[in-house]
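Architecture at a glance
Chain by chain, the residues run as shown.
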Amino acid sequence: MATRPLPEVVLIRGGTLYDPSTGHSRQRDVLIVDGMLAADGESVPSGAHVIEAAGCVVTHGFIDLHAHFREPGGEDKETLATGAEAAMAGGFTRVCVMANTDPPVDSPEAIAAIREKSAQLPVIIYPIGAITAKMAGLELAELRGMRSAGAVAFSDDGKPVTDGQVLRNALLYAADLGLPIINHAEDAALRGAGVMNEGALSTRLGLPGNPGMAEESMVYRDLLLAQNTGGRLHVPHVSTAGAVDQIRAFKAAGVAITAEATPHHIALTEELLRGFDTAAKVAPPLRTDRDREAVLAGLLDGVIDCIATDHAPHTVEDKELDMVNAPFGMIALESAFGLAHQALAGAGATVEQVIDMLTARPAKVMGLELTPLKPGAAAELVVVDPHEEWTFGIGDIHSKSRNTPVPGMRLRGRVRATITSKGLSDIN
Ligand SMILES: [Zn+2]
């Protein structure tokens, strides 16, 4: 399913077109000519590339607010180009990339370099700038200059901003710039050497635990800072029931905050660590079933705004280390829809709701405009089959890395094709 140049004429036949910007659905074929959506009723030229979409939903391409593409400095794990391949395979047409590269993206020049290097890729890459210079947590980076160069948000993700005054200043400054601050919320001292959720299971396995309060104490501090500064805080990868409750309470009090959850935190639990599989070692960790259900409920009732992948590639050599020494993170773009849809559909969500969590809702968090699904607009589409049950395999991975515990799992819902004006990836 590697991405190839978009054929001159593409016909998506027999699907239901769902537009997340209007909420409207209708049965119709979609004709794309020279990368643009054609007018209703236009005759189909011969030689069109046909994508059969009976039983499928055709909709806006997915938007990921949180991915790590490792370029510059970690090109053995992922590059902008291989990350874009993984995105296309997963139905994503836009990806916001985190700043914790080597060196970190903490200057207008570094933001401009990411944009330049990704300009020809089939997906749109939006750089997120670091909050602090060199991601050292001490002094604010050049936030204004980075916004002018194209940064869509600021984050030291991978590392928490420990100093409350620094984060307070960042929120004040970013409020003025109209961009969100995303803080990796884990109290480093409470997390300690924790490699999995702290609880009965970590004790039984003899592995160091990372308690839910490591996340909750920092989320609470960040929410207070957002309330007092008027800054736009976006809470990444919410993993505990307690953090969901805190976000619910602050939203109810009228504080303008947003939050995301990953597919793995709504679909998987700490039980996966029983086999000492380092592919299941993530930060924040997979938690209990009670936490998983609370995060899922938060997404369904809107307390958590959207799904984001936290796609975090690592080499096989890195992940072959033991549980204590292997790095945190899993790749997630390719399995995101199947894993999230399975969990959400199991909790009663419609496919349209899941699509909203991957399109309109993340776009709103980042202040991005969706492409209208109208004649004359550039193609930015995904075709999903919400009914297909399938086994995710190694062959479905297009990232440069392989670190995911999902291969071998049965998923419900599959991306059949991703189409942008620059490329096509399909499995027909
Ligand atoms: Zn993070």
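Residues numbered from 1 in each chain as written. Predicted model: local features only at pLDDT ≥ 70, side-chain atom pairs only at ≥ 80, totals over all residues. Heavy atoms only, no water.

Moving on, we come to the coordination of the zinc ion. For the zinc ion, the full set of protein donor atoms is Asp 157 (OD), Asp 157 (OD), His 184 (ND1) and His 237 (NE2), and the range of their distances to it is 2.0 to 2.8 Å. For the zinc ion, the four donor atoms are set out with angles of 51 to 131° between them, so the coordination reads as irregular. Positions of the donor residues of the zinc ion, expressed as sequence spacing, correspond to D-x26-H-x52-H. In this pair, Asp 157 is assigned in the loop between strand E11 (154-155) and helix H4 (164-177) and His 184 in the loop between strand E12 (181-182) and helix H5 (188-191), connecting sequence segments 27 residues apart. Given the relative accessible area of 4%, His 184 is considered buried. (Donors = N, O, S within 2.8 Å, 3.2 Å for Na, K, Ca; no water. Tetrahedral: all angles 85-135°; square planar, octahedral: opposite > 155°, others 65-115°. Helix = DSSP H or I, 4+ residues; strand = E, 2+ residues; numbered from the N terminus. Buried < 20%, exposed > 50% of the residue type's maximum accessible area, 1.4 Å probe, protein only.)

Our focus in this paragraph is the side chain of Asp 222. Position of Asp 222 among the secondary structure elements: in helix H7 (residues 212-229). By relative accessible area, which is 2% here, Asp 222 ends up buried. Here Asn 183 takes part through its side chain, which lies 2.9 Å from a polar atom of the side chain of Asp 222. Setting aside residues up to four positions removed in sequence, Asp 222 forms contacts with Leu 167, Leu 171, Asn 183, Ala 185 and Leu 233. (Polar contact = N/O pair within 3.5 Å; in protein donor to acceptor, adjacent residues only side chain to side chain. Contact = heavy atoms within 4.5 Å.)

Two numbers describe how H7 lies on helix H8 (residues 241-252): the axes approach to 9 Å, and their chain directions differ by 15°. One element, H7, and the other, H8, form an angle in the roughly parallel class. Relative to H8, H7 is oriented so that their crossing is right-handed. Residues Glu 215, Glu 216, Val 219, Tyr 220, Leu 223, Leu 224 and Gln 227 of H7 touch H8, and the partners they reach there are Gly 242, Ala 243, Gln 246, Ile 247 and Phe 250. (Axes fitted to C-alpha atoms, helices over the stretch in contact; angles between N-to-C directions. Parallel < 35°, antiparallel > 145°, perpendicular 65-115°, else oblique. Left-handed = near helix turned anticlockwise from the far one by under 90°.)

As a further point, take the sheet that holds strand E18 (residues 380-391). On the basis of which strands lie adjacent, the open sheet formed by six strands has the order E3-E2-E7-E18-E19-E20 and mixed pairing. Two strands bound the open sheet, and with one partner strand each, they are strand E3 (24-27) and strand E20 (423-426). Along the sheet, successive strands turn relative to each other by an average axial angle of 25°, direction set aside. Where strand E19 (residues 410-420) meets E20, four bridges bridge the pair, whose relative direction is antiparallel. (Pairing = 2+ DSSP bridges.)

Because each turn of an α-helix spans 3.6 residues, side chains separated by three or four positions end up pointing in the same direction. The terminal C-alpha atoms of H8 lie 17 Å apart, and with 12 residues this matches the ideal 16 Å at 1.5 Å per residue to within 8%. Where H8 is concerned, the buried positions are Ala 241, Ala 243, Val 244, Gln 246, Ile 247 and Phe 250. The secondary structure elements touched by the buried residues of H8 are H7, strand E15 (233-235), strand E16 (258-261) and helix H10 (289-301). A positive phi of about 90° marks Gly 254, the residue just after H8. (Expected span 1.5 Å × (residues − 1).)

It is worth spelling out the environment of Asp 277 at this point. Along the polypeptide, Asp 277 turns up in the loop between helix H9 (263-267) and H10. Each C-alpha atom of the pair Asp 277 and Asp 322 lies 8.8 Å from the other, and the pair is 45 residues apart in sequence. The contacts of Asp 277, once residues within four sequence positions are left out, are Leu 272, Met 323 and Pro 405. A polar atom in the side chain of Asp 277 sits 2.9 Å from the backbone nitrogen of Ala 279.

Let's shift gears to the packing of aromatic side chains. Counted by the stated rule, this structure contains four aromatic pairs. When the centroid spacing of 5.6 Å and the interplanar angle of 25° are considered together, the rings of Phe 62 and Phe 337 count as stacked. Pair noted here: Phe 62 is in strand E8 (residues 62-67) and Phe 337 is in helix H12 (residues 336-346), with a separation of 275 residues, a long-range link. With a centroid separation of 5.7 Å and 80° between ring planes, the pair formed by Tyr 220 and Phe 250 is classed as edge-to-face. Of the two residues, Tyr 220 is situated in helix H7 and Phe 250 in helix H8; the sequence distance between them amounts to 30 residues. Through a chain of ring-to-ring contacts, the aromatic side chains of Phe 62, Phe 92 and Phe 337 assemble into a single cluster. The ring of Phe 328 is capped by Arg 191, whose NZ or CZ atom sits 4.5 Å from the centre of that ring. (Phe/Tyr/Trp six-rings, centres within 6.5 Å; stacked < 30°, edge-to-face > 60°. Lys NZ or Arg CZ within 6 Å of the ring centre and 35° of its normal.)

This part is about the nonpolar core. Ranked by size, the top nonpolar core spans 78 residues in total, and within it Phe 154, Val 238, Ile 247, Ile 266, Leu 344 and Val 384 carry the most contacts. When residues in this core are grouped by element, the largest group, six residues, is from H4. Three or more residues apiece are contributed to this core by two domains, here domain 1 (9-57 + 375-426) and domain 2 (62-366). Beyond its immediate stretch of four places on either side in the chain, Ile 247 contacts Val 219, Leu 223, Val 235, Val 238, Ile 257, Ala 259 and Val 303. Met 323, Ile 331, Ile 397 and Leu 411 belong to the second-largest nonpolar core, a separate cluster that totals 20 residues. (Core = buried A, V, L, I, M, F, W, Y, C linked by side-chain atoms within 4.5 Å. Domains from an automatic or database assignment.)

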